[in-house]
Amino acid sequence: MATAPPAVAGMLEDMALRLSGRNPLEIRRIWQDLYDQSFWAKGGGAISFAAISAIELALWDIKGKAAGLPVHDLLGGAMRGDVKLYANGWNHEHDDVVNWAKAAARPLADGYRALKAYPFAYELPDGTFRHVSARMLDDGRFRQAIERVKALRQEVGPDIELMLDLSGGLCDDQLLRFLDVCRDLDITWIEEPLDPFNLNGLSRVAARSGIPIALGERVYGRGGFRNVLDTGAVSIVMPDIANCGGMLEAVQIAGMADTYNVRVSPHNCASSLCTAASLSLCVAIPNAMNLEVYPYFAELEHLRPGA
């Protein structure tokens, strides 16, 4: 994670050479030129698409200010006046079962009725937040993950939505056992149950678990999301407006998802600027489900999870 911002900054410097003298209101032409002429952007990739997204979002900001209108008005007007939020990042400092679950008291007290958590993740002694390595958990960590989700449902009661992010961590022998436990816990979605490259396995997991699958934070552009939707296994797509190609690309992804009967929950673990842009997206599209926020993000600067 630490190398990503300098890499994107370098990519932005390269792309800026093609922006001099361009009309900033011609957003689609500029986007298409950046995509076609950057070479490595085709096929996806976090660095190229983060740079394209940053430029595209800045152009929408320019256009909105020039017109004196919010971006959602330029995209056809607001579909809704309220956007449902869910809280993430509320229990990363806990590496047990009891305190991990009881930490939900804080976001619930702050008014959140939907929470996301990482049952497989853990902390190293230096406080570094870690996802699964080598596609498996040892027996102790695996049992802990199962007890965590049981304890969390008991802690929050039946009326709070729970989403579990698995970060593509486990092979099937542990994954399927874990999903069997989740079946009776009324989980809103399982996020990234498989590695992002393993699209063929999603239908198998969906059929086995019966729990809606959400994914998309590591998918880039309409082409990447078309491949995801064509699996028929995904119920919620999660484009990151700062990585998927920007505002208009996210709107087009949402439109494509709608034809597959799929809703959109934007991935959002970045800045307040990205939160504002993601909020505009949720207002503009018909099939927005909810929006991810980190209400205690400022307290977690040393963690920076890939949510």
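Refer to the preceding data block for the structure.
A brief look at the structure comes next. Owing to the predicted nature of the structure, the values given are computational and were not obtained by experimental measurement.

### Things to note about the packing of aromatic side chains
Here's step 1: One pass over the full model with this rule turns up nine aromatic pairs.
Here's step 2: With a centroid separation of 5.2 Å and 15° between ring planes, the pair formed by tryptophan 31 and tyrosine 35 is classed as stacked. Remark: tyrosine 35 and tryptophan 31 occur in helix H2 (residues 27–37); sequence separation between them is four residues, near one turn of the helix.
Here's step 3: Residue classification places tryptophan 31 among the buried positions, given a relative accessible area of 8%.
Here's step 4: Measuring from centroid to centroid gives 6.4 Å for tryptophan 90 and tryptophan 100, while their planes differ by 50°, and the two rings are tilted. With tryptophan 90 in the loop between strand E1 (85–87) and helix H5 (98–102) and tryptophan 100 in helix H5, the pair connects residues that are 10 residues apart, well separated along the chain.
Here's step 5: Feature note: the residues Trp31, Tyr35, Phe49 and Tyr220 constitute an aromatic cluster, connected by ring pairs.

### Observations concerning the pairing of strand E2 (residues 114–117)
Here's step 1: Side chains of E2 alternate between two faces, with Ala114 and Lys116 and Leu115 and Ala117 buried alike.
Here's step 2: With four bridges connecting them, E2 and strand E5 (residues 161–165) associate as parallel partners. Paired with leucine 115 across the strands is leucine 162, a residue of E5.

### Description of helix H11 (residues 247–259)
Here's step 1: Taking 1.5 Å per residue, 13 residues should reach 18 Å; H11 reaches 19 Å between its end C-alpha atoms and fits that length.
Here's step 2: Met247, Leu248, Glu249, Ala250, Ile253, Ala254, Met256 and Ala257 are the residues of H11 that are buried.
Here's step 3: The positive-phi residue at the C-terminal boundary of H11 is asparagine 261, with phi of around 65°.

### Looking at the pairing of E5
Here's step 1: Burial analysis of E5 places four of its five residues in the buried class, which makes it a mostly covered element.
Here's step 2: Note: E5 against strand E6 (residues 189–191), three bridges, orientation parallel. Opposite aspartate 165, over in E6, you have glutamate 191 as the bridge partner.
Here's step 3: With respect to chirality, the unit in which E5 leads through helix H8 (residues 172–182) into the neighbouring parallel E6 is right-handed.

About the thresholds
- Residues numbered from 1 in each chain as written.
- Predicted model: local features only at pLDDT ≥ 70, side-chain atom pairs only at ≥ 80, totals over all residues.
- Heavy atoms only, no water.
- Phe/Tyr/Trp six-rings, centres within 6.5 Å; stacked < 30°, edge-to-face > 60°.
- Helix = DSSP H or I, 4+ residues; strand = E, 2+ residues; numbered from the N terminus.
- Buried < 20%, exposed > 50% of the residue type's maximum accessible area, 1.4 Å probe, protein only.
- Pairing = 2+ DSSP bridges.
- Expected span 1.5 Å × (residues − 1).
- Right-handed = clockwise from strand over helix to strand, strands pointing away.

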